[in-house]
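# Inside the fold
Below are the chains, spelled out letter by letter.
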Amino acid sequence: MKRESRNRIELADGSSIAVIGGGPAGSFFTYYALGFAERLGMSISIDIYEAKDFGKIGSSGCNHCGGIVSESLVQKLSVDGILIPREVIQRSINSYTLHIEQGKAIIQTPSQEHRIASVFRGCGPRGCTRQPERSFDNYLLGLCQKKGANIIRGKVSGLEREEQGILVKSKKDTKEYDFVVGGVGLGKKSLNMFKAICPDFDLPKVTRAYISEISMKKEEIGSHFGDSMHVFLLDVPNVTFGALIPKENFVTLVLLGKDIKQETVDRFLETDEVKNLFPESMVLKDSCPCKCFPLINIREAVSPYADRVVMIGDSASSKLYKNGIGAAYISGRAAAKAAVFNGIDARSLKSVYAPVCRDLALDNRVGKLIFFVTKFIQKNSFLKKGLLRTVIKEQNSHNSKFLMSSALWDTFTGSEGYRNIFKRFMSPSLIFNYLRSIFSSAVFSKEMQQHTSSNGIGHLYRNGEVIIEQGTLGDCLYVIQEGKVEVILENNDEEVKVAELGKSEFFGEMGLFESDVRSCTVRALGEATVLTIDKKNFYESIQNDASLAYRLLEKMSHRLREANLKLSNYQEDGYSYQKS
Ligand SMILES: Cc1cc2nc3c(=O)[nH]c(=O)nc-3n(C[C@H](O)[C@H](O)[C@H](O)COP(=O)(O)OP(=O)(O)OC[C@H]3O[C@@H](n4cnc5c(N)ncnc54)[C@H](O)[C@@H]3O)c2cc1C
């Protein structure tokens, strides 16, 4: 079944894998491992063991999370052909509002698009209608099932190393696998199960955070919160930051910091900045049908791998205070790549997978430094006011470079690594603008824009609206989320329709490779929702998976072939292009 050569153990045709934990890390591992194996023409089988039923309401179906799917992850998944369906998205977010004791400022997404998805990991909090198809974790498991994975509902109670494999014990049976993947989150019992078979593995360090779901009417959420995630930098002991995340009929409150307790939550809810956001008549304490104090990863695990075993997601290394689902994507995918293309022995995993975990850990060290400085600013109203003034000035100016706004945006939304953010915070122009704002006196207040509820990702274009225009400069790619677009070649006042593209197809790719003007105009055909993919995210995706470049070349070659065919028709028939 599996090949072994000089301590190197590799997956081969017929190899079996057990993934323990069907959260995002387990699902991303499975999805990509099956995809990579398929590309190699190798047939492997994957069983995913999951203790929870994500189709259930309340904590028994929930993985305790704020439910923000970051801007960068939404883009990377789109490029991989995973478009989060509209029904899974509770609300799409296009801005965030920074609150401090002295006022608030709205920071719009740099591209003015709805690029962040707020979701429920399970079916939703107590009191909501049961709709299993709306669960994000269920959706990811469904993708794995479609790729051929087998989902086994139930808890794994023990792991045992055999000479040629690992025994996985559950209530139903005991089965031997060639390779075992641990995406079990942060539960000590499950992690200790892995410690028993991974001699060098040391558990990740954790602290307690807080989540509650505040029940509100959809329209009220629209008028009080808009499509904005609200971030609070308030001087409340032990709270690094708080966030209110609007969903369809709930607002999720998340408090991150050091060992959050009920007294801290009460103190936070009593602040004017939080109370003023809700309807006056609302008693917050009476409106939370679900609340919990889940564990959060604050330091990575040591050696999350051994022969035939790898740990992924929170169980290995996450991102400090943000984008844990994005980190689960990074480690799940990296482990899949290492297992399929390199090997499943400790040495192979150490050389290919461990650097990815180390990179996440290194970034978190810089993150700790950023939050240390934030904490210092948080305690000083003078410095805090300066921060707010800088952001408001940038947001009100037409020719601003949005240095502070974009660095803060990335800090709280998880769109960038902490090292990159730190470099930007250190930029002389940002520091100069900040110092100038500290010593200026005016604080402008900008009222929150009120948005109607939206749950589509990307930008909605009306029929005939131009998305890219021939002859203009552009350096990003677009992925169609919903609807259709037409590609038009303009020539001497005449328009020739070159192609019609639909859901999950992309366009604008030439702008990524050439610093040249757009060769065609692209317009919406009916209503179309289109997501812009930043050059950086695209290149990162290609770096992670070179086969993406192959897919892109395949598509471009197909388009070239179609264009050639049309050209030869044109030469034969005189003029057979469809004129628009
Ligand atoms: C307060 C808070 C807010 C957060 N907000 C966000 C956010 O807004 N956005 C974001 O990206 N991240 C957020 N995170 C982080 C995010 O929740 C995690 O990083 C992410 O869930 C990690 O995914 P995972 O698959 O590694 O683990 P998990 O999501 O914990 O999944 C582990 C799975 O393993 C299963 N399991 C465990 N043991 C066994 C066993 N023995 N047998 C079978 N199954 C088992 C569990 O049932 C579970 O489904 C937040 C975290 C906290 C604590």
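Per chain, residue numbering runs from 1 following the sequence as it is written. Two thresholds apply to this predicted model, a pLDDT of at least 70 for residue-level local features and 80 or more for giving and counting side-chain atom pairs, whereas whole-chain, interface and lining totals are computed over all residues. The side-chain numbers reported here are obtained from all heavy atoms of the structure, hydrogens and water having been left aside.

### Comments concerning the domain arrangement of the protein chain
Applicable threshold: By convention here, the domain bounds are inherited from an automatic or database domain assignment. In this analysis, two residues are considered to be in contact whenever any of their non-hydrogen atoms come within 4.5 Å of each other. We define buried area as the total accessible area lost by two parts upon association, computed with a 1.4 Å probe and summed across both.
Here the protein chain is described as being made up of domain 1 (3–67 + 121–206 + 297–360) and domain 2 (459–573). The straight-line distance from the C-alpha centre of domain 1 to that of domain 2 is 36 Å. With 4 residues of domain 1 at the contact, the number on the domain 2 side is 4 residues. For the pair domain 1 and domain 2, the summed buried area comes to about 360 Å², and 28% of that belongs to carbon and sulfur atoms.

### A short note on the packing of helix α12 (residues 403–413) against helix α13 (residues 418–425)
The condition that has to hold: Orientation is described by axes fitted as lines to C-alpha atoms, over the contacting stretch for helices, and by angles from 0 to 180 degrees between their N-to-C directions. Only DSSP runs of H or I reaching four residues or more are called helices, and only runs of E reaching two or more are called strands; each is numbered from the N terminus. In what follows, roughly perpendicular refers to angles from 65 to 115 degrees, roughly parallel to angles under 35, roughly antiparallel to angles over 145, and oblique to any angle outside these ranges. Left-handed describes a crossing whose near helix is turned anticlockwise from the far helix by less than a right angle; the clockwise case is right-handed. When residue character is reported, Ala, Val, Leu, Ile, Met, Phe, Trp, Tyr, Cys and Pro are called nonpolar, Asp, Glu, Lys and Arg charged, and the others, Gly included, polar.
With their axes 10 Å apart at the nearest point, α12 and α13 run at an angle of 155° to one another. Taken together, the axes of α12 and α13 lie roughly antiparallel to each other. In terms of crossing hand, the pair formed by α12 and α13 is left-handed. Residues Met404, Ser406, Ala407, Leu408, Asp410 and Thr411 of α12 pack against Tyr418, Ile421, Arg424 and Phe425 of α13. For the contact of α12 with α13, the residue count by class is 6 nonpolar, 2 polar and 2 charged.

### What to know about the site of the ligand
The cut-off we apply is this: Residues are counted as near a molecule or strand when any one of their heavy atoms sits within 4 Å of it. Any N or O atom pair separated by 3.5 Å or less is treated as a polar contact, with the protein-specific requirement of one donor-capable and one acceptor-capable atom, and with residues adjacent in sequence counted only for side-chain atom pairs. Accessibility throughout is a Shrake-Rupley quantity obtained with a 1.4 Å probe, and a residue counts as covered only by protein chains that appear here.
Near the ligand lie 37 residues; those nearest to it are Glu50, Arg121, Ser190, Asp314 and Ile325. Contact between the ligand and Ala25: an oxygen atom at 2.9 Å from a main-chain N or O atom of the residue. Between an oxygen atom of the ligand and a main-chain N or O atom of Gly324, the distance comes to 3.1 Å. Relative to its unbound accessible area of 1,000 Å², the ligand is 92% covered by the protein chains. In terms of residue class, the shell around the ligand is built from 18 nonpolar, 14 polar and 5 charged.

### Some remarks on the sheet that holds strand β13 (residues 174–177)
Whenever strands of a sheet pair, they do so through backbone hydrogen bonds, lying parallel or antiparallel. What counts here: For two strands to count as paired, DSSP must find a minimum of two bridges between them.
The antiparallel open sheet is built from 3 strands, whose spatial order is β11-β12-β13. Lying at the two open borders of the sheet, with one neighbouring strand each, are β11 (156–162) and β13. Sheet twist, expressed as the average angle between the axes of neighbouring strands with direction ignored, equals 25°. In this sheet, β13 lies alongside strand β12 (residues 165–170) in antiparallel orientation, the contact comprising 4 bridges. Opposite Leu167, over in β13, you have Glu176 as the bridge partner.

### With respect to the pattern of salt bridges
Note the following rule: Between Lys or Arg on one side and Asp or Glu on the other, a salt bridge is scored when a side-chain nitrogen of the former is within 4 Å of a carboxyl oxygen of the latter. Whether a residue is buried, partly exposed or exposed follows from its accessible area with a 1.4 Å probe, protein chains only, as a fraction of its type maximum: under 20%, in between, or over 50%, in that order.
For the structure on display, the rule yields 26 salt bridges. Here Glu482 makes a salt bridge to Arg86, at a shortest N to O gap of 3.0 Å. Of this pair, Glu482 sits in strand β26 (residues 477–491) while Arg86 sits in the loop between α2 (71–79) and β6 (89–93); the two residues are 396 residues apart in sequence, bridging distant segments of the chain. The class for Arg86 is partly exposed, based on a relative accessible area of 33%. When salt bridges that share partners are traced, they join Lys484, Glu486, Glu495, Lys497, Glu500 and Arg523 into one network.

### Remarks on the packing of aromatic side chains
What counts here: To pair, rings of Phe, Tyr and Trp, with the six-membered ring standing in for Trp, must have centres within 6.5 Å; the planes then decide the type, stacked if under 30 degrees apart, edge-to-face if over 60, and tilted in the middle.
Scanning the entire structure with this criterion turns up 20 aromatic pairs. Pairing Phe225 with Phe278 gives two aromatic rings, centres 5.3 Å apart and planes at 70°, and the pair type is edge-to-face. With Phe225 in helix α5 (residues 218–225) and Phe278 in the loop between α7 (272–275) and β20 (290–292), this pair connects stretches of sequence that are 53 residues apart. Both residues of the pair, Phe225 and Phe278, count as buried. Between Phe241 and Phe412 the ring centres are 4.9 Å apart and the planes differ by 75°, which places this aromatic pair in the edge-to-face class. Here Phe241, found in strand β18 (residues 239–246), pairs with Phe412, found in helix α12; they are 171 residues apart in sequence, far enough to count as distant. Phe241 sits in the buried class, given a relative accessible area of 6%.

### Brief notes about a nonpolar patch on the surface
We apply this condition: Nonpolar side chains (Val, Leu, Ile, Met, Phe, Trp, Tyr) are joined into patches within 5 Å and like charges within 9 Å, using only residues with over 30% relative accessible area and no salt bridge.
A contiguous nonpolar surface patch, about 520 Å² in accessible area, is contributed by Phe382, Met426, Ile431, Leu435 and Phe439. The biggest single contributor to the nonpolar patch is helix α14 (residues 428–439), with 3 residues. Assignment of secondary structure puts Met426 in the loop between α13 and α14.

### Comments concerning the environment of Gly26
Relative to the helices and strands, Gly26 is located in helix α1 (residues 24–39). Distance from Gly26 to Gly183, taken between C-alpha atoms, is 5.1 Å for residues 157 residues apart in sequence.

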